[in-house]
Amino acid sequence: MHLTPQHILIAGATGLTGEHLLDRLLSEPTVSRVLAPTRRPLAAHPHLENPVGDLATLLPTLSGEVDTAFCCLGTTIKQAGSQEAFRAVDYDLVLAFARRARELGARHLVVISALGANPQSSVFYNRVKGETEEALKAMGWPQLTIARPSLLLGTRHDFRLGERLAAPLLRWLPGKYRGIDACALARALWRLALEEQNGIRVIDSSDLRRLGR
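Residues numbered from 1 in each chain as written. Predicted model: local features only at pLDDT ≥ 70, side-chain atom pairs only at ≥ 80, totals over all residues. Heavy atoms only, no water.

If you check an unreviewed UniProt entry, the protein appears there as Oxidoreductase from Pseudomonas berkeleyensis.

In this model helix α4 (residues 83–103) runs 29 Å from its N-terminal to its C-terminal C-alpha over 21 residues, within 8% of the 30 Å that 1.5 Å per residue would give. Residue Leu93 marks the point of greatest curvature in α4, where the axis turns by about 30 degrees. Every buried residue belonging to α4 is among Phe86, Asp90, Tyr91, Leu93, Val94, Leu95, Phe97, Ala98, Arg100 and Ala101, and all of these are buried. Next to the buried residues of α4 lie β1 (7–11), α2 (55–58), β4 (68–71), α3 (77–80), β5 (108–112) and α5 (124–137). Of the residues one or two after α4, Gly105 is the one with positive phi, at around 105 degrees. (Helix = DSSP H or I, 4+ residues; strand = E, 2+ residues; numbered from the N terminus. Expected span 1.5 Å × (residues − 1). Bend = angle between axes of the 7 residues up to and from the residue. Buried < 20%, exposed > 50% of the residue type's maximum accessible area, 1.4 Å probe, protein only. Contact = heavy atoms within 4.5 Å.)

What follows is about the packing of aromatic side chains. Taken as a whole and assessed by the stated rule, the structure comprises two aromatic pairs. With 5.4 Å between their ring centres and 35 degrees between their planes, Phe86 and Tyr125 make a pair best called tilted. Of this pair, Phe86 sits in helix α4 while Tyr125 is found in helix α5, placing the two residues 39 residues apart along the sequence. The class of Phe86 is buried, set by a relative accessible area of 0%. One aromatic cluster is present, built from ring pairs that chain together Phe86, Phe124 and Tyr125. (Phe/Tyr/Trp six-rings, centres within 6.5 Å; stacked < 30°, edge-to-face > 60°.)

Among the five residues that make up β1, five are buried, leaving the element largely enclosed by the rest of the structure. The side-chain alternation of β1 yields two buried faces, one formed by His7, Leu9 and Ala11 and the other by Ile8 and Ile10. Two elements, β1 and strand β2 (residues 33–35), share three bridges in a ladder whose sense is parallel. Bridging across to β2, Leu9 finds its partner in Leu35. With helix α1 (residues 16–27) bridging β1 and its parallel neighbour β2, the resulting β-α-β unit is right-handed. Alignment of β1 against β4, held across four bridges, turns out to be parallel. In the sheet register, Ile10 faces β4, and the bridge partner there is Phe70. (Pairing = 2+ DSSP bridges. Right-handed = clockwise from strand over helix to strand, strands pointing away.)

Have a look at this one:
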C-alpha cells in the first residue's frame, strides 16, 4: 500500500543528504507543507516553513500537523570536537527531534543511521548509532524506518579529506559496503516514506542503493 505524506518535518535539511531530500520534497506535487528548521536560512519556497536557529531551541516552538518526519542529523567526532559533543547530536538531538515529531502527530519516522550500528560495538561511533536506534525503537513508533547507508558520496559544504580520498575505492566495494551517492539515498528515503508498513524496518546500504536508482 502506498500513501503520500502531505505534511513533512525534516531535520538536517542543510546536510549532504538532507539537501537532496528537501529538493525532492519540495518538488513533489502532493506535499503541501515542509517544516525544515535549520541553522542558516534556506531558499524561499511556497510550501516551505523554515524556522532559523539552534534546533534544540526551535523544537518546542514547532507547530502544525505532521504526517512523516525525516531525521538526517549526523556529525563526526572530528566535527563535533569530542565524543561528548558527538553524542549530543547523534543521540540526544536525534531523540529530541523524534519525540517532538511524535508530539506533532507524525506516525512514520525515517532516520539515517549508519552501516555497522550496534549498541554493543567497541567502536564508539557505531555504538552511539546503535544506542540511538534502540532508543528510537523503544518510543513505540507506529512506523519506524532505519536507513543504514555505507559512506555517503557527494560534494559536502565541509571538506573531509578522508572521504574524498576513499570515494573512488568505495564505489567498487561489494554489497552493502559500497559507498552510496547522497542523491540516491534521498530518493530511497522518499520511496520508503511512501510505503505503509507498520512496525520497524532496518534497510541496509545495498537495498538503499537499489531503491535510489
